[in-house]
Amino acid sequence: MHDLRALRADPDAFDADLARRGLPPVAHELVSIDEARRTSLTRLQELQSRRNAISKEIGQAKRSGGDTSALEAESVASQAEMATLEAEARSADERIHSILAELPNRLDNGVPDGADETSNVVVHERGERRNFAFGPKEHWELGEALGLMDFAAASKLSGSRFVILRGALARLERAIGQFMLDLHVTEHGYEETAVPLLVGEAAMYGTDKLPKFADQSFCTTDGRWLIPTAEVPLTALSAGEIVPATRLPIRLTALSACFRSEAGAAGRDTRGMLRQHQFMKVEMVSVVAPESSADEHERMTRAAETVLERLGIPYRRMLLCAGDTGFGAARTYDLEAWLPGQGAWREISSCSNTRDFQARRMNARFRREPVGGAKGTTEFVHTLNGSGVAVGRALIAVMENYQNEDGSITIPEALRPYMVGRDRIG
C-alpha cells in the first residue's frame, strides 16, 4: 500500500516509478478522486456544524413560541444531502483503496531499468563450476535412474507438478532443510518458528499476495489460503502491532511446505522438480526500523549465500531490474545456482526489501524511544523476506553438481552429519 500524502505531493514522480515497471499512469486520477472525497468531507463537516446550530435555533424558537417549520425543513434537507455526501465519500474511499491495492511498490532508485530478466545485473559470481569428464545429467534423470524420484506415482495421486522422493533422496531433502534451518538459527540470529500452513485473507492481503495474485495460490472452501511461502505467516505476525524500538530487529525463520498453483506456467519446466505445486522452503523474515532496512537486505542476502557456499554450489547474485522486480519489493536480489545438467543458472533464492509497503497494508508499526520526556512517535516498520533457500531447488543443485559418472551422488560435507555420516547415494 502507498502513502497517499506522498502521492499527492508529487504525482508525476509516482507515475514515473510505475512507468519503470511498464505500467500506465494513475496518480493524477487518484489525486482527482481524493480531491472529490475531501471536498465531500469538508461539506459534510459544514453541514454537521449547521445542523448542530439549527438544533439550538429550533429549541430557542420553541421556547419563545416561534415558527420552526423553515428550520425543520432545512434540517431535513441537510440530512438528505449529508447522506448523499457520505455515500460519495465512501465510494471514493473504496475506489482509491481498490486502485492502490493493485499497484506495486515504488522502486529503489538503484534498481536498473529494464523490461525483463535480460536486464538484470550480475553483482558477483562465487564458486568454481566443475569440469565434468562426462556429460552431466539433469536431476530427474539421476533420480529416476536411482529409483528414488517418482513423478509417475505422484501424478497418479495428485496430477502434474508433484513428486515422490524415496529412501536416501527423501532423507537428503530433509537433511538440506534441517541444515539450513540450523545455520540461520545458530549463526545468523534468526528465531526458528513453526507456522500454520493455512492463513486467513487478511494475512495474504497484508503480505501483498491478494488481491492481485489470488490465482497463484490455493483457497479452501472455508476461505482460508494454503501459504505460497512462510513469508506470509511470519510477516503477518506483526500485523496490527506497535512494537517498541528496543524489540527491533525481529528476525524469524521457518522450514515449511509451500503451495502454488503455478498459474501462467503452462509449458515451463514441466520435467523435474523445478516448478512444483508443493515444495519445501526455508524462509527468512526481518522486521526493522526504516533506517536499517538497506543494511538488513545485504545481511539477509549474505545469509542465503552462506548456505550455497557451505554446500559448495556455484552461484551468482543478481540485482533485478525494474521490470523483473516483484510486486511488493522495492529492491530484490536473486541468487542463481549453476545447474550443470541444464547448463544454466536457475533461481534458488530471492531476497527482497519491501520497505513500508507491507507494513502499511497490515498496519505494522513501532514506537521510537522517547526524547526529552516526550512520548515516542510511531512509524511503520520495514519488512524484508528471503528464501534461505528453496529446499527442492537446493536438492536439484546438489544432485547435479555432485553427480558421478556411474549415476551416484556424492553428499556434500555439510550435510553428512544429517545423513548419519553417509557420503554417497547410489
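Each value, and the rule that gives it
- Residues numbered from 1 in each chain as written.
- Predicted model: local features only at pLDDT ≥ 70, side-chain atom pairs only at ≥ 80, totals over all residues.
- Heavy atoms only, no water.
- UniProt positions renumbered as here; feature names shortened; annotations may be inferred.
- Pairing = 2+ DSSP bridges.
- Helix = DSSP H or I, 4+ residues; strand = E, 2+ residues; numbered from the N terminus.
- Contact = heavy atoms within 4.5 Å.
- Axes fitted to C-alpha atoms, helices over the stretch in contact; angles between N-to-C directions.
- Buried < 20%, exposed > 50% of the residue type's maximum accessible area, 1.4 Å probe, protein only.
- Salt bridge = Lys/Arg side-chain N within 4 Å of Asp/Glu carboxyl O.

Where an unreviewed UniProt entry is consulted, the protein chain appears under the name Serine--tRNA ligase, with the organism given as Endosaccharibacter trunci. You can read under Pathway (unreviewed entry) in the UniProt record for the protein chain the words "Aminoacyl-tRNA biosynthesis; selenocysteinyl-tRNA(Sec) biosynthesis; L-seryl-tRNA(Sec) from L-serine and tRNA(Sec): step 1/1." Taken verbatim from the UniProt record of the protein chain, the Function (unreviewed entry) comment is "Catalyzes the attachment of serine to tRNA(Ser). Is also able to aminoacylate tRNA(Sec) with serine, to form the misacylated tRNA L-seryl-tRNA(Sec), which will be further converted into selenocysteinyl-tRNA(Sec)."

Here we come to the sheet that holds strand β11 (residues 331-339). Note on sheets: strands pair through backbone hydrogen bonds, and any given pair is parallel or antiparallel. Pairing within the open sheet is mixed, and its eight strands lie in the order β1-β10-β11-β12-β15-β9-β8-β4. Each of the sheet's edge strands pairs with one partner strand only, and the pair in question is β1 (121-126) and β4 (191-192). Sheet strands in contact with helix α7 (residues 167-186) are β4, β8 (250-259), β9 (278-288) and β15 (382-390), and its direction is about 165° off that of β8. Lying on the sheet, helix α10 (residues 293-311) is in contact with β1, β8, β9, β10 (315-319), β11, β12 (344-355) and β15; it crosses β15 at an angle near 5°.

For the rest of this paragraph, the subject is the sheet that holds strand β13 (residues 365-367). One open sheet accounts for three strands, arranged β7-β13-β14; its pairing is mixed. The open sheet has two edge strands with one neighbour each: β7 (242-244) and β14 (378-380). Averaged over all pairs of adjacent strands, the angle between strand axes in this sheet comes to 35°, irrespective of strand direction. Pairing of β13 with β14, which is carried by three bridges, proceeds in the antiparallel orientation. Paired with Arg365 across the bridge in β14 is Phe380.

Here we come to the UniProt feature "binding site: L-serine" (unreviewed entry) in the protein chain. The positions UniProt marks with the feature "binding site: L-serine" (unreviewed entry) are Thr229, Ala230, Glu231, Glu283 and Ser387. Taken together, the annotated residues stretch across 159 residues yet fold into one region, lying no more than 9.4 Å apart by C-alpha. Along the chain, the position of Thr229 falls in the loop between β6 (225-226) and α9 (231-236). Leave out the neighbours within four places in its chain, and Thr229 touches Lys209, Cys258, Arg260, Lys281 and Glu283. Inspection of the secondary structure puts Ser387 in strand β15. Here Ser387 falls in the buried class, since its relative accessible area comes to 9%. Leave out the neighbours within four places in its chain, and Ser387 touches Lys281, Val282, Glu283, Met284, Ala304, Ile348, Ser349, Ser350 and Cys351.

For the rest of this paragraph, the subject is the pairing of β11. Counted residue by residue, β11 has nine buried out of nine residues, so it is predominantly covered. Two elements, β10 and β11, share five bridges in a ladder whose sense is antiparallel. Within β11, the residue paired with Arg317 across the bridge is Leu335. Relative to β12, β11 is paired through nine bridges, and the arrangement is antiparallel. For Trp338, the partnering residue across the bridge sits in β12 and is Trp345. The turn joining β11 and β12, which pair antiparallel and follow one another in sequence, is formed by four residues; a positive phi near 65° is taken by Gly343.

On to the pattern of salt bridges, then. On inspection of all chains with the given rule, the structure shows 34 salt bridges. A salt bridge links Arg8 to Asp34; the shortest N-O distance between them is 2.8 Å. Here Asp34 lies in helix α3 (residues 27-63) and Arg8 lies in helix α1 (residues 4-9), a separation of 26 residues in the sequence. Given the relative accessible area of 27%, Arg8 is considered partly exposed. Linking Arg129 and Glu125 is a salt bridge whose minimum nitrogen-to-oxygen distance equals 3.7 Å. For Glu125, a relative accessible area of 42% puts it in the partly exposed group. A single salt-bridge network, built from bridges that share partners, covers Arg8, Asp34, Arg37, Arg38 and Asp93.

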